[in-house]
Amino acid sequence: MQRSRKIVIADDNKGICDLVSTVFEEMGYKVDSVHNGYELLAYLEKNNPFLIILDLMMPEKDGLSILSTLKEVAPYSRIIIYTGYREYENSVYARTADRFLVKGGRMTTLVEAVQELT
């Protein structure tokens, strides 16, 4: 599988992972899911996705605590923060990512962001 078609979703909400996976798999992307920051870091040791869709709040190790590390371990991967916490929208975390999206909006917003980064 080409790197340019691989996405990893890091979110502890299985329903969101399933929905996002279904949408992007139907568009021809290869999609994997992990459920916390530890799983994401382990995943990135063996995989090189073009895109990471990152939730900021997850159990054990959250997206906030690994965001700077992601730039080191996956320097060529684009990052979309996809969170329910709008208060981070103007934070340093949001500026570190390629896009910042708040959950609960239309799925087309996420689709458009992915297509822009592809």
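If you're wondering where the values come from, they're calculated on a predicted model, not measured in any experiment. (Residues numbered from 1 in each chain as written. Predicted model: local features only at pLDDT ≥ 70, side-chain atom pairs only at ≥ 80, totals over all residues. Heavy atoms only, no water.)

K.L.:
Got a minute to help me understand the packing of aromatic side chains in this structure?
P.N.:
Aromatic rings in a pair are described by how distant their centres are and how their planes are angled relative to each other. Within this structure, the stated rule accounts for four aromatic pairs. Summarising the aromatic geometry, the rings of Y85 and Y88 are spaced 6.5 Å apart at their centres and angled 70° between planes, so their arrangement reads as edge-to-face. With a centroid separation of 5.9 Å and 75° between ring planes, the pair formed by Y88 and Y93 is classed as edge-to-face. Residue class for Y93 comes out partly exposed when judged on its relative accessible area of 29%. (Phe/Tyr/Trp six-rings, centres within 6.5 Å; stacked < 30°, edge-to-face > 60°. Buried < 20%, exposed > 50% of the residue type's maximum accessible area, 1.4 Å probe, protein only.)

K.L.:
Sorry, what's going on with the pairing of strand β2 (residues 30–34) here?
P.N.:
Inspection of the sheet shows strand β1 (residues 6–10) paired to β2 by five bridges, in the parallel sense. The residue bridging A10 from the neighbouring strand is V34, located in β2. Between the parallel elements β1 and β2, the chain passes through helix α1 (residues 14–26) in a crossover that is right-handed. (Pairing = 2+ DSSP bridges. Helix = DSSP H or I, 4+ residues; strand = E, 2+ residues; numbered from the N terminus. Right-handed = clockwise from strand over helix to strand, strands pointing away.)

K.L.:
Please explain the side chain of S91 as it appears in this structure.
P.N.:
Inspection of the secondary structure puts S91 in the loop between β4 (78–83) and α4 (92–96). For S91, the side chain forms a polar contact with the main-chain oxygen of Y88, separated by 2.7 Å. (Polar contact = N/O pair within 3.5 Å; in protein donor to acceptor, adjacent residues only side chain to side chain.)

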